[in-house]
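Working through the structure, step by step
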Amino acid sequence: MENPGASPFKEIPVGLDAFSEEEYFSQSTLLKEFTEIPTIEKAWTLKSNTDEIAMFFGSFGVRRLTGYVLISQPNLLENKKRRYVSYSHIAKERDDSVQFHWAAFPIEMGTASLMVPSPSGSKLLVVRTAENDSPTCFEIWSSSQVEREFHVPSSMHGSVYSDGWFEGISWNSDETLIAYVAEEPVSAKPTFACLGDKKGNCPDKDCNSWKGQGDWEEGWGEAYAGKRLPKLFVININSGEVRAVDGIQKSVSVGQVIWAPSVKDLLQYLVFVGWPSGTRKFGIKYCTNRSCSLYAVRAPFRSEPEQSATNANLLAVVLTQSISSAFFPRFSPDGKFLVFLSSKSAVDSGAHNATDSLHRIDWSIDAEPCPHNKIVDVVPVVMCAEDGSFPGLYCSNILSNPWLSDGRTMILSSAWGSTLVILTVDVLSGDVSRISPSTSEFSWDVLTLDGDDIIAVCSSPVDAPEIKYGYLVGNACDNTKWNWLDISSPITKCSEKVRSLLSSKEFCIMPIPVRDFCENLTKGASKPYEAIFASSKSKKHDACDPLIVVLHGGPHCVSVSSFSKSSAFLCSLGFSLLLVSYRGSLGFGEEALQSLPGRAGTQDVNDVLAAIDHVTSMGLADPSKIAAVGISHGGFLTTHLIGQAPDKFAARNPVCNLALMVGTTDIPDWCYFEAFGSEAKSNFTAAPSAEHLALFYDKFPISHVSKVKTPTLMVLGAQDLRVPITDGLQYARALKENGVEVKVMMFPDDIHELDRPRTDFESFLNIGVWFKKYCS
């Protein structure tokens, strides 16, 4: 039997020197142990009040439920993520103590792409998404068996969206209908034969004919290859009948559908997010600056009262006409209002991501949806936060049921500087409170709610994720104190070797003063930004470990103090880490974020250099042993640094040359915005002028390539639509022409994220070996 702890490498790549060969063996064994740490994706709870559950615990407590946690783990052999569900019986007693009794083994999801429990918890929907034109399978499970199974052919729709952005699956209140988002069926393609065009369809394997390619149809860019138009469907789980939802314009892509509350036997409405495509579709992954609105449309399978419907009253109604962005709709428990997030700042400014705002619409259950709703600002955009105070909303998602028992308080996870925190928001008063411990520099993320209790996950750059259970002391209206309990869980365990290595590390969050202060900076842009510093707890002979500067992409993203397997692996190799959230990052207010556009390549580079100088001046890093790694805009910063500072670096899918990228990327508007700033909207064109191309060239790393002497590793995905590989290859070839040592890794089937299990493993193994060779 093969040793599970052995190195996954049986053969070492040709051409490696003895040092690199030894590092490949040792690092691959360690990286495999980090890779196997499970990742918690989501969770949900179902109430359990049976006597059998009470007897299982040996007592009859106040509330009993079952918690389910969806977990993923890389499967290197199959180059896929293995996803499984672990569950626990949970009992909260009258003295507020909590017991978790985990099942002995988790259950693998196999081919399931989605699992969604019904509102009552009595049914479970399992979706097995279609591949290669095979039918999509819908299974309805009870507590003991599959009750119904339906296969929806590709002629009805393509694969069901499960990406977290367009994704939307919602049960209606009586649990007879399920609304969901799936790809529009593929248009019929022409068939050709030896004698010319043939009418009608022919068998796919007819050796005397072939199917033509048909017209090209634009998709939604990076991560949505082959997906052109998400549409809305409803399935009747009693009959298995599937109907497309009528009344939605062909040009609108839909997502995030939910059922509107309704009175029994009255018409039911669906509320969803719609993205008009306009003249073209720009990339939407990580880009909240795409205009979108909330719509309401009548659901099928309900007959009209008194008279048949006309075409006019079947059309979808725009609910948010007065605001340029609206997404993640959620109804209050009593159905009296609809709340949603908005990225109006991003849409109006052009930034690919920006500070969110939260809004409310009053809703009438027994009236038709109104297109002229008054939109109430609940949490406005925070322009400049005072020191230590709420910096604004930065939410990547909202729970399907985010409400406390008072029906007016939402639970959200949001970036707060360099941490992820849990917030309560009173949607009537607008009051926002941080309820995860304010003394903790760890990151906290809410997984699910049960009444006024929260199941969350907590981690740090040097602490693997742990489950936490929080409960409110008093009632939701007071919102004065939350208690957080540690929950022992088998799903967060890691190997003894990894645990030992991590226990020898520590981290802190450092404020970095702005160094290039000038009069035209706003107050928010003049405030310190932050960097996370992770290192060994003790120095060896007063010598500093080599430093790796980790740079996030975006640029309007943020490095938060949560656990990253790849970063923790690099730290465990004997490197210190510096994760810089330069100005322009999320989590610090809108003024700081909007200070970067137009200054990309100067302000962000200076911020990174200032952060490096800060830790070296404190004696925490040796200036002669500094490396950097970044992906996307982080790679852009890395390649800028090797042209402007004598460091050692590695880049993953770096942005090197805007003049080349602007004509090939799925987000050409991003190129204009980061280069021109506020002028981007009036300047943007798909046919850049010579003057624009010259500006792009001057602002980006390709203009500094002649100065580079640093050994450089580049990791590229051949299917990247965001930063096409030509960008990185041009830069690498230019370095080689100048005699710089360059290594390029190309992954033929990977997109921008480079997150397929083997790709992630190989790229960080090579980064670790590269840094050990040139930086230790």
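Residues numbered from 1 in each chain as written. Predicted model: local features only at pLDDT ≥ 70, side-chain atom pairs only at ≥ 80, totals over all residues. Heavy atoms only, no water.

1. A few points about the side chain of Ser 561
Turning to its location among the elements, Ser 561 is positioned in the loop between β34 (547-551) and α7 (565-572). Among the residues examined, Ser 561 registers a relative accessible area of 0% and is labelled buried. Here Glu 441 takes part through its backbone oxygen, which lies 2.6 Å from a polar atom of the side chain of Ser 561. With near-sequence residues (within four places) excluded, Ser 561 lies in contact with Ser 418, Thr 419, Glu 441, Phe 442, Ser 443, Ser 459, Ser 460, Pro 461, Phe 507, Ile 509 and Ile 532. (Helix = DSSP H or I, 4+ residues; strand = E, 2+ residues; numbered from the N terminus. Buried < 20%, exposed > 50% of the residue type's maximum accessible area, 1.4 Å probe, protein only. Polar contact = N/O pair within 3.5 Å; in protein donor to acceptor, adjacent residues only side chain to side chain. Contact = heavy atoms within 4.5 Å.)

2. Description of the pattern of salt bridges
Pairs can form between side chains of opposite charge once their charged atoms are near each other. All told, the structure shown has 27 salt bridges when counted by the stated rule. For Arg 408, the salt bridge identified is with Asp 426, shortest N-O distance 3.0 Å. Separated by 18 residues along the polypeptide, Arg 408 in the loop between β24 (376-379) and β25 (409-416) and Asp 426 in strand β26 (residues 419-426) bring together distant segments of the chain. With relative accessibility at 14%, the residue Asp 426 sits in the buried group. Several salt bridges share partner residues, and in doing so they unite Glu 183, Glu 184, Glu 217, Arg 228 and Lys 250 into one network. (Salt bridge = Lys/Arg side-chain N within 4 Å of Asp/Glu carboxyl O.)

3. Re unusual backbone geometry
When glycine is set aside, most residues are seen to have a negative phi, and most peptide bonds are trans. Following Gly 554, the chain continues to Pro 555 via a peptide bond in cis, the omega torsion being 10°. As for its position among the elements, Pro 555 is in the loop between β34 and α7. In this structure, Phe 328 is a non-glycine residue whose phi angle is positive, near 50°. Checked against the element boundaries, Phe 328 lands in strand β21 (residues 327-331). Owing to a relative accessible area of 3%, Phe 328 belongs among the buried residues under this scheme. Even without being a glycine, Ser 632 presents a positive backbone phi close to 60°. Its location among the elements puts Ser 632 in the loop between β36 (626-631) and α10 (633-644).

4. Quick notes on the packing of aromatic side chains
The geometry of an aromatic ring pair comes down to the distance between the two centres and the angle between the two planes. Under the counting rule described, the total for this entry stands at 31 aromatic pairs. Seen from their ring centres, Phe 34 and Phe 569 are 6.2 Å apart, and the 70° between their planes marks the pair as edge-to-face. Here Phe 34 is found in helix α1 (residues 18-35), whereas its partner Phe 569 is found in helix α7, with 535 residues between them in sequence. With 5.9 Å between their ring centres and 85° between their planes, Phe 676 and Phe 696 make a pair best called edge-to-face. With Phe 676 in helix α12 (residues 668-676) and Phe 696 in helix α14 (residues 690-699), this pair connects stretches of sequence that are 20 residues apart. Classification of Phe 696 by relative accessible area gives buried; the value is 0%. An aromatic cluster is built from Tyr 161, Trp 165, Phe 166, Trp 220, Tyr 224, Trp 275, Phe 327 and Phe 328, whose rings are joined through pairwise contacts. Lying over the aromatic face of Tyr 161, Lys 227 brings its terminal NZ or CZ to 4.7 Å of the ring centre. (Phe/Tyr/Trp six-rings, centres within 6.5 Å; stacked < 30°, edge-to-face > 60°. Lys NZ or Arg CZ within 6 Å of the ring centre and 35° of its normal.)

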